[in-house]
Amino acid sequence: MAREKILKGIAVSHGIGRGKAYIYEPGEVEILQTPILPIYLEKEIARFEEAIEKTQKELNNIKKRINQEIGEDFAQFLDAQVMMLNDKEIIERVKKEILKQKMNAGYIYNQVIKEYAQRLGASKNQYFRERVADIWDVGIRVLRNLFGLTHASIVEVPEGSILIARDISPSDAALIDPKNIKGIATEVGGRTTHTAITARALQIPAVLGVKRLLSCIEDDEKIIIDGDRGIVIKNPSPGRIRFYDEVQKKKLKLSKALSPYCELPSQTRDGKYIDISANIEFYAEYNYAKKYGAAGIGLFRTEFLYLARRGNPAEEEQFRVYNALAKSMKPQPVIIRTFDLGGDKIFSDYQEANPFLGWRAIRVCLDKPEFFKTQLRAILRASVNHNIKIMYPMIATYEEIKRANLIFEQVRKDLIKQKIDFDHQIQVGIMIETPSAALLSPQLVSQVDFFSIGSNDLTQYTLAVDRGNEKVNRLFDHYHPAVLRLINNVIHAGHEGHIWVGLCGELASDPLILPFLVGAGIDELSMAPMAIPKIKMVLRSLTVSKCEKIAHEVLKFRTALEVKKFLRRAIHKNFPGIEEVL
């Protein structure tokens with residue numbers, strides 16, 4: 001029996017995937033170096049131009065398929081690739097070098113692209129290093145067309161496969177079929193790559209950044225992808241298989257038990273209604289929000305529109321996405337968060353020592369008002385559907401809200417002047433993600449229509465812990481009393497100011513904390529669509545009076561461990577029968 005081996009990587013898409021390894025190696029293009037006689041140099045340049053044109057047609061065809069099957073916003077990275085393909089500087093450089101070196105177009109083009117990719121690959125910025133895949137995706141297609149080679153197709157991966165690759169190009173990632181591919185593992189990549197984004201969109205378990213993956217795994221070997229723990233298990237032992245059999249049985253049993261809750265109202269046993277909404281990253285995910293019974297979109301992350309294009313998305317592009325989403329969810333609400341660029345979502349070639357404490361989110365938008373106005377115009381235009389709300393991220397000061405609202409008001413006046421219709425009653429809220437905003441919430445409440453507590457960043461900034469740093473991420477804990485007291489204060493401040501208060505982030509989908517949140521008075525919870533039925537089930541087992549008592553006691557504790565122990569005891573005592581989903 002082959003020996004079991006466990007490989008560690010980065011968990012980028014949750015779930016358990018099981019199947020046979022399918023090694024996906026599109027194959028390297030052999031670069032031929034052929035001298036070209038002077039009389040044929042112009043023909044060689046014409047051949048290069050034809051290859052560019054043919055590649056553009058291929059990319060446009062892929063985009064058409066993605067638009068139909070996944071959504072327009074998801075395919076916009078191909079626009080960026082077409083722009084890269086038609087980059088005048090690269091094209092003119094290739095033509096110049098063909099004439100200068102008197103060599104074939106494939107050899108010259110490969111030289112130019114390799115140099116460009118090496119510069120990005122050597123960047124200290126992880127985002128730019130991950131973009132090398134885009135460059136080679138375009139480059140390899142051009143080279144294959146120049147050398148008359150066929151393109152490897154990810155569409156032909158057999159059913160029940162675990163896709164194993166060094167990397168997956170963006171255009172290939174967009175063609176992944178979840179009916180055939182049950183899990184994904186690659187040697188390179190991170191959470192911002194197209195492979196990761198695609199896997200999350202299609203709900204395929206994925207682990208990226210697995211060192212020496214291809215040297216350890218062969219075709220048809222049994223593989224388990226654990227997208228929850230970030231591990232790849234090769235030739236799992238009988239004991240390991242039994243363990244995951246039980247995990248999957250429990251998940252299937254729970255899924256069946258939770259299925260009816262998709263259609264049920266999200267209310268407590270004694271009748272208090274709480275909105276349970278969905279966090280989504282791009283338009284196509286609205287289907288999952290509806291499938292799992294979301295009351296609306298509580299957080300639409302718009303950064304992908306920028307990242308897909310590698311630059312500023314035009315107003316019309318943004319409008320099409322926002323408008324389509326609003327129409328698809330109507331009459332349910334859609335909360336659109338303005339660009340939260342910076343931090344782990346790089347805005348440009350700007351680099352800084354500590355991006356999470358630097359130029360990000362609302363700070364970027366306020367420093368680039370025209371960029372901000374473009375997005376606000378697109379959102380307001382789409383608000384004619386009368387179900388859109390706007391949310392500013394990463395607010396830290398009172399002045400930031402005033403400045404953001406001033407820009408917002410300028411955009412409103414411009415649209416009125418141009419006689420462009422929009423929702424004049426549109427709600428504008430802020431994310432409470434910084435301790436300063438949480439502490440100032442009684443003063444901020446007069447400037448907004450709602451608060452949405454971003455639990456991930458609020459925890460990170462309150463505890464001064466980078467959860468991506470393995471040296472200290474054990475200290476990152478949503479249950480820390482300091483975090484819970486801030487959450488309680490924000491909810492109280494919101495209600496005192498007569499606005500509603502929501503919470504998004506990982507904490508929103510944690511059933512253990514739900515009695516505290518209900519007792520504290522939360523009005524809305526927004527989470528990954530798949531988590532909604534479980535939270536509904538737990539919510540429908542609770543009563544407000546008992547939850548209020550639990551919340552009151554929670555605020556007395558000194559440590560996160562004490563909080564967790566108390567909540568488990570309290571749930572067991574007051575709400576028996578839901579312990580199995582904690």
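In this report, the structure presented in the accompanying data block is examined. (Residues numbered from 1 in each chain as written. Predicted model: local features only at pLDDT ≥ 70, side-chain atom pairs only at ≥ 80, totals over all residues. Heavy atoms only, no water.)

A look at the overall build of the chain
- Tallying secondary structure elements over the chain gives 24 helices and 16 strands in all.
- Computed over its C-alpha atoms, the radius of gyration of the chain comes to 26 Å, within 12% of the 25 Å expected for a compact globule of 582 residues.
- Projected onto its principal axes, the C-alpha coordinates of the chain cover approximately 90 × 75 × 40 Å.
- Counting every position in the chain, which comprises 582 residues, the buried fraction comes to 55%.
- In the chain, once contacts between residues fewer than 6 apart in sequence are set aside, the share between residues at least 24 apart is 69%.
- Only carbon and sulfur atoms are counted for the fraction: they give 51% of the accessible area of the chain, which is about 26,400 Å².
- For the chain, the separation between the mean place of its 83 positive charges and that of its 73 negative charges on side chains is 4 Å. (Helix = DSSP H or I, 4+ residues; strand = E, 2+ residues; numbered from the N terminus. Rg over C-alpha atoms; globule rule 2.2 N^0.38 Å. Buried < 20%, exposed > 50% of the residue type's maximum accessible area, 1.4 Å probe, protein only. Contact = heavy atoms within 4.5 Å. Areas by Shrake-Rupley, 256 points an atom, 1.4 Å probe, with all protein chains shown as cover. Lys, Arg positive; Asp, Glu negative; His and termini not counted. Charge placed at Lys NZ, Arg CZ, Asp CG, Glu CD.)

Section: unusual backbone geometry
- With an omega of 5 degrees, the peptide bond running from lysine 330 to proline 331 counts as cis.
- A positive phi is found at arginine 212, a non-glycine position, where the angle reads about 55 degrees.

Structural notes on the sheet that holds strand E6 (residues 206-208)
- Strand order in the open sheet formed by 8 strands is E1-E8-E7-E3-E4-E5-E6-E2, and the pairing between neighbours is mixed. On the outer flanks of this sheet lie strand E1 (5-8) and strand E2 (10-13), each paired with one strand and no other. Across the sheet, the mean angle separating the axes of adjacent strands is 30 degrees when strand polarity is ignored.
- Bridge count between strand E3 (residues 16-23) and strand E7 (residues 222-226): 5 bridges; the pairing is antiparallel. When the bridges of E7 are listed, lysine 20 appears paired with lysine 222. (Pairing = 2+ DSSP bridges. Axes fitted to C-alpha atoms, helices over the stretch in contact; angles between N-to-C directions.)

Quick notes on helix H22 (residues 532-539)
- Of all 8 residues making up H22, 7 are buried, and the element is well covered by its neighbours.
- For H22, the set of buried residues is Ile532, Pro533, Ile535, Lys536, Met537, Val538 and Leu539.
- Looking at the buried side of H22, the elements it contacts are helix H10 (238-258), strand E9 (275-280), helix H21 (514-520) and strand E16 (524-527).

As for the environment of glutamine 111
- Residue position: glutamine 111 is located in helix H4 (residues 105-121).
- Along the primary structure glutamine 111 and isoleucine 31 are separated by 80 residues, whereas in three dimensions their C-alpha atoms are 9.8 Å apart.

Overview of the packing of helix H19 (residues 455-463) against helix H20 (residues 481-496)
- It is at 9 Å that the axes of H19 and H20 come closest, and there the two elements cross at 125 degrees. Classed by the angle they form, the pair H19 and H20 counts as oblique. For H19 against H20, the interelement crossing comes out right-handed. Contacts between H19 and H20 involve Leu458, Thr459, Thr462 and Leu463 from the first element and Ala482, Val483, Leu486 and Ile487 from the second.
- Partitioning the contact of H19 with H20 into residue classes produces 6 nonpolar, 2 polar and no charged. (Parallel < 35°, antiparallel > 145°, perpendicular 65-115°, else oblique. Left-handed = near helix turned anticlockwise from the far one by under 90°. Nonpolar A, V, L, I, M, F, W, Y, C, P; charged D, E, K, R; others polar.)

A closer look at the packing of helix H15 (residues 369-382) against helix H16 (residues 398-417)
- Taken N-terminus to C-terminus, the directions of H15 and H16 make an angle of 55 degrees; their axes are 9 Å apart at the nearest point. If you check the angle between H15 and H16, you find them oblique. The hand of the H15/H16 crossing is right-handed. Here H15 contributes Pro369, Phe372, Lys373, Leu376, Arg377, Leu380 and Arg381 to the contact with H16, which in turn contributes Ala404, Ile407, Phe408, Gln410, Val411, Arg412, Asp414 and Leu415.
- Its residues assigned to classes, the contact of H15 with H16 comprises 9 nonpolar, 1 polar and 5 charged.

Details of the nonpolar core
- Ranked by size, the top nonpolar core spans 105 residues in total, and within it Tyr392, Phe451, Ile487 and Leu525 carry the most contacts.
- The greatest single-element share of this core, amounting to 7 residues, is contributed by H15.
- Val29, Met103, Tyr107 and Leu175 belong to the second-largest nonpolar core, a separate cluster that totals 50 residues. (Core = buried A, V, L, I, M, F, W, Y, C linked by side-chain atoms within 4.5 Å.)

Concerning helix H8 (residues 194-202)
- The buried fraction of H8 amounts to 9 of the 9 residues, a majority that puts the element mostly inside the structure.
- Buried within H8 we find His194, Thr195, Ala196, Ile197, Thr198, Ala199, Arg200, Ala201 and Leu202.
- Just downstream of H8 lies glutamine 203, where phi reads positive at about 60 degrees.

A short note on the packing of aromatic side chains
- Across all of its chains, the model carries 8 aromatic pairs by this definition.
- Seen in terms of ring centroids, phenylalanine 48 and tyrosine 109 are 5.7 Å apart; in terms of plane orientation they differ by 50 degrees. Their pairing is tilted. Here phenylalanine 48, found in helix H1 (residues 41-69), pairs with tyrosine 109, found in helix H4; they are 61 residues apart in sequence, far enough to count as distant.
- A residue is classified by how much of its surface remains accessible, and phenylalanine 48, at 0% relative accessible area, is buried.
- Accessibility expressed as a relative area gives 3% for tyrosine 109, which makes it buried. (Phe/Tyr/Trp six-rings, centres within 6.5 Å; stacked < 30°, edge-to-face > 60°.)

Quick look at the sheet that holds E9
- What the 8 strands build is a closed barrel, ordered E9-E10-E11-E12-E13-E14-E15-E16; its pairing is parallel. Averaged over neighbouring strand pairs, the angle between their axes works out to 25 degrees when direction is ignored.
- For strand E11 (residues 334-337) and strand E12 (residues 388-392), the ladder comprises 4 bridges, and the chain directions are parallel. The residue of E12 that forms the bridge with valine 334 is isoleucine 388.
- Each of E11 and E12 touches H15; the most contacted strand, E12, lies at about 160 degrees to it.

Some remarks on the pattern of salt bridges
- All told, the structure shown has 26 salt bridges when counted by the stated rule.
- Of the charged contacts in the structure, one is a salt bridge between aspartate 245 and arginine 18, with a shortest N-O distance of 2.5 Å. Placement of aspartate 245 in helix H10 and of arginine 18 in strand E3 is noted, with a sequence separation of 227 residues between them.
- With a shortest N-O distance of 3.7 Å, glutamate 221 and lysine 234 are connected by a salt bridge. Residue glutamate 221 is found in the loop between helix H9 (213-216) and E7, and its partner lysine 234 is found in strand E8 (residues 231-234); the two are separated by 13 residues along the sequence. Considered together, glutamate 221 and lysine 234 belong to a single accessibility category, that of buried residues.
- Members of the salt-bridge network, linked through shared partners, are Glu303, Arg337, Asp340, Arg360 and Asp457. (Salt bridge = Lys/Arg side-chain N within 4 Å of Asp/Glu carboxyl O.)

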